[in-house]
Amino acid sequence: MRKLFSRGIAAVLAVLALTGQAQAETEESQWLDDKLSVRKEIVLKPGAGGAGLDAKTPTFPFVVRLSPQMLAFEDVKPDGSDLRVAGPDGQRVDHYVENFDAKAGLGTIWVKGVNLDPASSQTYHLYYGGDVPSTANSASIFDASEVLALDFSGSTGIKDRTRNNNNSTSVPTSAGFSGQSATFSGAEVLRIASSSSLAISGRPFTFMLWVKPASQGGGTLVQRAGAFSIALSGLTPVASVGGAKIASTTQFSADSWNHVALVGRNNGRMELYVNGKLAGSGSAPLPAQEGDILLGNGFAGQIDNVRFAAAARSPGYVKAVTQSDNGRGLVTFGAEQERSGKFELGYFVTVVKSVTIEGWIVIALCAVLLVLAIRVMIQKFGLLKKIETQNQAFDKAYGQAAELEGQAIRAEAENNASSTLSQLYQAGLAEVTHRKQNGGGQFSAAGIEALKARIDAVSSKQAYSLSDKLVILTLSIAGGPFLGLLGTVIGVMITFAAIAAQGNVNVNAIAPGVAAALLATAAGLAVAIPALFGYNLILTRIKRINAANRSFADALVARIAEQYGA
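What counts, and at which threshold
- Residues numbered from 1 in each chain as written.
- Predicted model: local features only at pLDDT ≥ 70, side-chain atom pairs only at ≥ 80, totals over all residues.
- Heavy atoms only, no water.
- Helix = DSSP H or I, 4+ residues; strand = E, 2+ residues; numbered from the N terminus.
- Buried < 20%, exposed > 50% of the residue type's maximum accessible area, 1.4 Å probe, protein only.
- Pairing = 2+ DSSP bridges.
- Axes fitted to C-alpha atoms, helices over the stretch in contact; angles between N-to-C directions.
- 1 Å grid on protein atoms, 1.4 Å probe; cavity = no way out; pocket = protein on both sides within 12 Å on 5 of 7 lines; lining within 4 Å.
- Points joined across faces, edges and corners; volume = space filled by probe spheres on them.
- Nonpolar A, V, L, I, M, F, W, Y, C, P; charged D, E, K, R; others polar.
- Phe/Tyr/Trp six-rings, centres within 6.5 Å; stacked < 30°, edge-to-face > 60°.
- Lys NZ or Arg CZ within 6 Å of the ring centre and 35° of its normal.
- Patch = residues over 30% accessible without salt bridge, like charges linked within 9 Å, V, L, I, M, F, W, Y side chains within 5 Å.
- Areas by Shrake-Rupley, 256 points an atom, 1.4 Å probe, with all protein chains shown as cover.
- Salt bridge = Lys/Arg side-chain N within 4 Å of Asp/Glu carboxyl O.
- Lys, Arg positive; Asp, Glu negative; His and termini not counted.
- Charge placed at Lys NZ, Arg CZ, Asp CG, Glu CD.
- Expected span 1.5 Å × (residues − 1).
- Polar contact = N/O pair within 3.5 Å; in protein donor to acceptor, adjacent residues only side chain to side chain.
- Contact = heavy atoms within 4.5 Å.
- Core = buried A, V, L, I, M, F, W, Y, C linked by side-chain atoms within 4.5 Å.

## A few points about unusual backbone geometry
Residue Asn-275 is not a glycine yet carries a positive backbone phi of 50°. With respect to the element layout, Asn-275 can be found in the loop between strand 18 (269-274) and strand 19 (277-283). A positive phi angle, close to 50°, is found at Asn-305, a residue other than glycine. Note on placement: Asn-305 falls in strand 21 (residues 300-309). On the basis of relative accessible area, Asn-305 is assigned to the buried category, the value being 6%.

Below, the structure is given as structure tokens:
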């Protein structure tokens, strides 16, 4: 019988273990890397209400700014090399870390957005918290049409993040739009050497950069001889393509970051965008693109995130670039999740299988106590709820009754038969009726004492009835842990006796028996804990009802004495 019982419970637990294991394995399979402990949800809103992208885009680089509110920097490697990004399909997408300062709690990473669709949002995940090698790969962030992408945060100076690795001279840097930026005082010029990748003569193009001009403005932001330029007339951007000049209808804000883009299209239309909006346009043939590119000639301020593409970006694409970091429209953060450990209910199955017959007897006794305690708690909570509800209804009617023997108050007492207050009222009313039937309508002092004694007797019976069967809860509270302790002591004794008889002393021989013995203590506590909470809750409510009974009894005796006293 004991083996059958043990095997039955073990089988149930085994099914639960397999179910939990399957669920855990499903969750594990969705985790990008089992060496990384935390992932943060990143939600992209490419279309309306977000970045404003106007067409499906296979590749779109976006920025993720990190702060202590978004990321636990203390769990990340000091250089951010353990960061990973998974795309909507759960597979890794390329990224690179532009800057990461764990002490300051600041970081910027660029992520390769894939297959962005304005009609729907996407969910990416940022993983971190593990001893893994870096997978950063800036060369794959940008699509093939992007021929130049400069940021100024690299440890080796200014770096082209595309696969072209274009070379440039250096200028001073300072904290910029994202990470570090190129800083100009009016005397510096940053020269990007001509290369085969930058030779895009007669082809559509897009040149974009972030600019923070000094208050006076002026100077040339970018210039390519014989091709195009973007300069500042005060704080107004002015583009030149061939002989055509395009003046912006929008000014920059001084000492603030502004985005400017120049787009040359196949039909000869040249468009100037400021902060994602079309600010001017003109017509000119697509220019020759052969020479060096100069940045910052005569300009005072900062320049960051320079991008040059051999493609005409759409208006929605340009706008989305200006909205492509969190807090601007495209990127929002979602929930954070820590990787849970593997499901280990199987260990509990091992414990159950090791329980001895003595342990099962104790556990069975604890189970009986628990069933009895739960039954008492359910009955008592139901009864107390009923009494409290009916007491409230009767007390309201009693307070509104003009006559003690009125028909309305009598009917209310009959309708609330479980009310302790109505029972006290009926006891007092019965004494009044009895005295009237025997010709003594008035109560003497001795009669009042007799009335009080009768009502007190009813109140005492009510208190006894309310406390009935609470002894089962006190036995469960006091006896459950001791029963469990008894089972544990016996189980440990048997375990050590078996070890002594076999002469086999090792952890594998001791651990299962001790663990199974401790199951009896757990069973005892499982009885005592709910019984303890239930007992105290019930006792508190009983005390409240008894106090209400005593108060009502005193008020009832006083009212009868006043109305029927001699």
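## Re the sheet that holds strand 1 (residues 38-44)
Where strands meet in a sheet, backbone hydrogen bonds hold them as pairs that are either parallel or antiparallel. Read from one edge of the open sheet, 4 strands run 3-6-1-22, paired in antiparallel fashion. In this open sheet, the two edge strands, each paired with only one partner strand, are strand 3 (84-86) and strand 22 (331-338). Across the sheet, the axes of successive neighbouring strands diverge by a mean angle of 25°, strand direction being ignored. Where strand 1 lies against strand 6 (residues 122-128), 7 bridges are found, and the strand directions are antiparallel. Bridging across to strand 6, Leu-44 finds its partner in Gln-122.

## Considering the layout of surface pockets
Its boundaries defined by the atoms lining it, the largest pocket holds a volume of some 250 Å³. Along the wall of the largest pocket there are 15 residues; nearest its centre are Asn-99, Leu-106, Thr-108, Ser-178 and Gly-179. Breaking the lining of the largest pocket down by element, the ones donating at least two residues are strand 2 (57-66), strand 4 (95-101) and strand 5 (106-116). Here the residues of the lining of the largest pocket are counted per class, giving 5 nonpolar, 8 polar and 2 charged.

## A look at the packing of aromatic side chains
All told, the structure shown has 19 aromatic pairs when counted by the stated rule. Taken together, a centroid distance of 5.2 Å and an interplanar angle of 20° make the contact between Phe-205 and Phe-228 stacked. Of the two residues, Phe-205 is situated in strand 12 (residues 205-213) and Phe-228 in strand 14 (residues 228-233); the sequence distance between them amounts to 23 residues. For the pair shown, Phe-205 and Phe-228 are each scored as buried. Within the aromatic cluster, the residues linked to one another by ring pairs are Phe-205, Phe-207, Phe-228 and Phe-308. Here Arg-313 stacks its cationic end above the ring of Tyr-317, 4.5 Å away from the centre of that ring. The positively charged end of Arg-559 is found above the aromatic ring belonging to Tyr-398, 4.9 Å away from the centroid.

## Details of a negative patch on the surface
Residues Glu-74, Asp-75, Glu-336 and Glu-338 make up a contiguous surface patch of negative charge. By the element assignment, Asp-75 lies in the loop between strand 2 and strand 3. Exposure remark for Asp-75: the relative accessible area of 40% places this residue in the partly exposed category.

## Quick look at the environment of Val-355
Inspection of the secondary structure assignment puts Val-355 in the loop between helix 3 (345-353) and helix 4 (357-400). Through-space distance from the C-alpha of Val-355 to that of Leu-518 is 9.4 Å; in sequence the pair is 163 residues apart.

## Points about helix 6 (residues 420-437)
Between the first and last C-alpha of helix 6 there are 26 Å, a value that for 18 residues agrees with the 26 Å anticipated at 1.5 Å per step. Along helix 6, the residues classified as buried are Thr-420, Leu-421, Ser-422, Leu-424, Tyr-425, Ala-427, Gly-428, Leu-429, Glu-431 and Val-432. Where helix 6 begins, the capping side chain belongs to Ser-419, and its oxygen is found 3.3 Å from the backbone nitrogen of Leu-421.

## What to know about the environment of Lys-245
Within the fold, Lys-245 resides in strand 16 (residues 244-247). Owing to a relative accessible area of 66%, Lys-245 belongs among the exposed residues under this scheme. For the pair Lys-245 and Ser-283, spaced 38 residues apart in the sequence, the C-alpha separation amounts to 9.0 Å. Ignoring anything within four residues of it in the chain, the contact list for Lys-245 reads Ala-239 and Ser-240.

## Digging into the sheet that holds strand 16
The sheet built from 6 strands is open, its strands ordered 11-20-13-14-15-16 with antiparallel pairing. Either end of the sheet is taken by a strand with one partner, and the two such strands are strand 11 (190-192) and strand 16. Taking each pair of neighbouring strands and ignoring which way they run, the sheet shows an average axis angle of 15°. Sheet analysis places strand 14 next to strand 15 (residues 236-241), joined by 6 bridges and oriented antiparallel. Following the sheet pairing, Phe-228 is matched in strand 15 by Val-241.

## Overview of the nonpolar core
Core analysis: the largest hydrophobic core is formed by 43 residues, its most contacted members being Leu-150, Leu-190, Phe-207, Leu-221, Phe-228, Leu-295 and Phe-308. In terms of residue count, strand 12 provides more of this core than any other element does, 4 residues in total. With sequence-adjacent residues up to four places away left out, Leu-150 is seen in contact with Ile-158, Lys-159, Asp-160, Leu-190, Ile-192, Leu-295, Asn-305 and Val-306. In this structure, Ala-51, Val-76, Tyr-124 and Phe-333 belong to the second largest nonpolar core, which totals 34 residues.

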